[in-house]
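Architecture at a glance
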Amino acid sequence: MTKIRTRYAPSPTGKMHVGNLRSALYEFLIAKHADGDFMLRIEDTDQERFVEGATEIIYSTLEKAGLKHDEGPDKDGGVGPYVQSERMKTGIYLKYAKELIDKGEAYYCFCDKDRLASLKTEIVEGKEIMIYDKHCLSLSKEDVEKNLAAGLPYVIRQNNPTEGTTTFHDELYGDITVNNSELDDMILIKSDGYPTYNFANVVDDHTMNITHVVRGNEYLSSSPKYTRLYEAFGWQVPVYVHLPLITDENHKKLSKRSGHSSFEDLMEQGFLAEAVVNYIALLGWSPEDNREIFSLEELIKEFDYHRISKSPAVFDMVKLRWMNGEYLKAMDMESFFPMAEPFLKEALGVGFDLKKIAAMVKTRIEVFPDIAGQVDFFKELPSYDVEMYTHKKMKTDKASSLEVLTELLPLLEEQEDYSNDALYQTLLSYVEKKGCKNGFVMWPVRTAVSGRQMTPAGATEIMEILGKEESLKRIRIGIEKLQKES
Ligand code: GLU
């Protein structure tokens, strides 16, 4: 059996889109599931779209996502170079284009801009495209030689038939047949000597022994032309998996405006790379059971590309946040604290036991930036509504709270030990003496010391962090507030 070889073939044009990361991940998983090779190839032939620094983003994203390539520009596997602009210098694309010319499957085209501008256009998938009229196909060999010798600028075009049909197979979409009359004579070699993406991609996938190609379904409509190239060369077509679109919650194509369209965006928003990778794996693929949490290792084991769905995948931020929260819960404190610390420091500054606070919030946040909203009351008592003291279930109201806080104040003033345990004992003995339920006492105390309806910890844990002075100050403020109301 041939070894499975997949490739991630990004064009260095900016941040790594979630859709691209999904292609990379699926290529990686297909290869690793079958003990095959995963390769990185940089497709930089479109010099106009090249963005400085984009190649570095590709490397750092793959690394953070854990998608280690077996071969690539930095790891030779014997089929390099792995960057298309460098491959071009070896003359490989021109050599194969000439082979097609010899076979009558391609031709030189010397038409200038003005002539091309006068040609008919058609709207294909919302884009206006020019249909080349095969004008230069009729040039004699001598004319071509003459033009080349005179140094006229040229492109090389694919010579597609105008009759008959072309069929290709996609693993998700099945057999797709198109009329050849719909296939334009696309450019293979541009006037700057660079190959087009369309041509380089086919030549490279073949010469680099790629067996499976995963990419977005925006390439589906060009695939018949690729198939014609494979057939013209007599090469075996790779297995195609064209992935469905990823949409936002409003079923619109995930775009920069969505704010979370790239891996970098998600990292900036405080997501964990592992959670993002796990989530993206499920954007179109599902395992046999309903399981959702997978490490990369587990994905490699479970991933079967036949289970990819062709319906559009919705990028659901709520779901990703939930998943990230599950990863945070599962982390041990040794890994969690160093990551949470900068967020805690920013929210609280110095003077707090950040480790203790980190333990409190660990199971309550979904992403690190949630920390601020959970802990900011430690730093400063928020202004709060006195109605918060009224709680039906705890059977408290403003009058009962005033009574409890006023009775507790001298006890808490007397107490020296402000550890959670000691404080809890004090409150419990007060509860016993009063013959009431715990909540009847805990609720007003927690409200007074936090000013919040929801807190990451109970009353006495909060007081331990605040210390004696600050706790008493807050309880006195509570009493004052309640007194004003009575
Ligand atoms: N360079 C193309 C892109 O970045 C690759 C598409 C493919 O995987 O064939 O979209």
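Moving on, we get to the pairing of strand 6 (residues 155-158). Of the two faces of strand 6, the one holding Val155 and Arg157 and the one holding Ile156 and Gln158 are both buried throughout. In this structure, strand 3 (residues 106-109) lies alongside strand 6, joined through four bridges in antiparallel fashion. Across the sheet, residue Cys109 finds its bridge partner in strand 6, namely Val155.

Close to the ligand lie Arg7, Ala9, Pro10, Ser11, Glu43, Tyr197, Asn201, Arg215 and Tyr219. One of the side-chain nitrogen or oxygen atoms of Tyr197 is found 2.8 Å away from an oxygen atom of the ligand. Arg215 places a polar side-chain atom, nitrogen or oxygen, 2.9 Å from an oxygen atom of the ligand. When the ligand is considered free in solution it has 290 Å² of accessible area, and contact with the protein chains removes 87% of it. Considering only residue class, the shell around the ligand consists of four nonpolar, two polar and three charged.

The next subject is the nonpolar core. Judged by nonpolar contacts, the single largest core of 103 residues is most densely connected at Leu67, Ile308, Phe315, Leu344, Val375, Phe378 and Ile475. Contact partners of Val375, with chain neighbours within four places excluded, come to Leu344, Ala347, Leu348, Ile357 and Val361. Ranked by size, the runner-up nonpolar core spans 33 residues in total, among them Val79, Ile92, Ile101 and Ala232.

Looking now at the packing of aromatic side chains. Enumeration over the complete set of coordinates arrives at 20 aromatic pairs. Centre to centre, the rings of Tyr197 and Tyr219 are 5.1 Å apart; their planes meet at 50°, and the pair counts as tilted. Separated by 22 residues along the polypeptide, Tyr197 in helix 7 (residues 197-207) and Tyr219 in the loop between strand 10 (212-216) and helix 8 (223-233) bring together distant segments of the chain. Residue classification places Tyr219 among the partly exposed positions, given a relative accessible area of 26%. Note that Arg157 overlies the ring of Tyr132, its terminal NZ or CZ placed 3.9 Å from the centroid. When the ring centre of Phe336 is taken as reference, the NZ or CZ atom of Lys362 above it lies at 5.9 Å.

Here we come to the packing of helix 14 (residues 354-361) against helix 19 (residues 459-485). Their axes nearest at 10 Å, the elements helix 14 and helix 19 cross at an angle of 155°. On the basis of their axis angle, the class for helix 14 and helix 19 is roughly antiparallel. Handedness of the crossing formed by helix 14 with helix 19: left-handed. Taking contact as the criterion, the partners of Lys356, Ile357 and Met360 in helix 14 are, on helix 19, Glu461, Glu464 and Ile465. Looking at the contact of helix 14 with helix 19 residue by residue, the classes come out as three nonpolar, no polar and three charged.

In this section: the sheet that holds strand 6. The three strands lie next to each other as 3-6-9, forming an open sheet whose pairing is antiparallel. Two strands bound the open sheet, and with one partner strand each, they are strand 3 and strand 9 (187-189). Within the sheet, the average angular offset between the axes of one strand and its neighbour, ignoring direction, is 40°.

Reading the values: rules and limits
Residues numbered from 1 in each chain as written. Predicted model: local features only at pLDDT ≥ 70, side-chain atom pairs only at ≥ 80, totals over all residues. Heavy atoms only, no water. Buried < 20%, exposed > 50% of the residue type's maximum accessible area, 1.4 Å probe, protein only. Helix = DSSP H or I, 4+ residues; strand = E, 2+ residues; numbered from the N terminus. Pairing = 2+ DSSP bridges. Near = heavy atom within 4 Å. Polar contact = N/O pair within 3.5 Å; in protein donor to acceptor, adjacent residues only side chain to side chain. Areas by Shrake-Rupley, 256 points an atom, 1.4 Å probe, with all protein chains shown as cover. Nonpolar A, V, L, I, M, F, W, Y, C, P; charged D, E, K, R; others polar. Core = buried A, V, L, I, M, F, W, Y, C linked by side-chain atoms within 4.5 Å. Contact = heavy atoms within 4.5 Å. Phe/Tyr/Trp six-rings, centres within 6.5 Å; stacked < 30°, edge-to-face > 60°. Lys NZ or Arg CZ within 6 Å of the ring centre and 35° of its normal. Axes fitted to C-alpha atoms, helices over the stretch in contact; angles between N-to-C directions. Parallel < 35°, antiparallel > 145°, perpendicular 65-115°, else oblique. Left-handed = near helix turned anticlockwise from the far one by under 90°.

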